[in-house]
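# Descriptive analysis of the structure
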Amino acid sequence: MPRNISYSEKYEDELYEYRHVILPSEVAKMAPKARLMSETEWRQLGVQQSRGWEHYAIHKPEPHILLFRRVRGTDPLTGLAPAKMAAKPAVIQQQTVTAR
């Protein structure tokens, strides 16, 4: 009998809310190991969560754990981030690129 997909509680910082999803081994075998998945791909694996979540990182020692984030205040029905928050991640990313 297959095990269930496990979902963490949400946790957050000043910009994002996060959660991780633990896939059972039989589902994890079907997930790509070397790239991030689109929303369509992770939903096809059976991951169920509200809209706006992004698979943002791979933790190579534990590829069966999917790491998700979305901008704080994102509408869970539409997946749209609030206008005041939507620009902040892009500004921070640009500052990071510039600082390298």
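### Remarks on the overall build of the chain
A tally of helices and strands in the chain yields 3 helices and 5 strands. Scanning the chain from its N terminus toward the C terminus, one meets helices and strands in the order β-β-β-α-α-β-β-α. With 100 residues in all, the chain has 29% of them scored as buried. Of the contacts formed within the chain by residues at least 6 apart in sequence, a portion of 45% connects residues at least 24 apart. In the form shown here, the chain has an accessible surface area of approximately 6800 Å², with 54% of it arising from carbon and sulfur atoms.

### A short note on the pattern of salt bridges
For the coordinates displayed, the defined rule picks out 5 salt bridges. Measuring nitrogen to oxygen at the nearest pair gives 2.6 Å for the salt bridge that ties Arg35 to Glu41. What makes Glu41 partly exposed here is its relative accessible area of 23%.

### Quick word on the side chain of Ser8
By the element assignment, Ser8 lies in the loop between β1 (6-7) and β2 (11-12). A polar side-chain atom of Ser8 sits 2.9 Å from the main-chain amide nitrogen of His20. Excluding residues that lie within four positions of it along the chain, Ser8 makes contacts with Arg19 and His20.

Scoring rules and cut-offs
Residues numbered from 1 in each chain as written. Predicted model: local features only at pLDDT ≥ 70, side-chain atom pairs only at ≥ 80, totals over all residues. Heavy atoms only, no water. Helix = DSSP H or I, 4+ residues; strand = E, 2+ residues; numbered from the N terminus. Buried < 20%, exposed > 50% of the residue type's maximum accessible area, 1.4 Å probe, protein only. Contact = heavy atoms within 4.5 Å. Areas by Shrake-Rupley, 256 points an atom, 1.4 Å probe, with all protein chains shown as cover. Salt bridge = Lys/Arg side-chain N within 4 Å of Asp/Glu carboxyl O. Polar contact = N/O pair within 3.5 Å; in protein donor to acceptor, adjacent residues only side chain to side chain.

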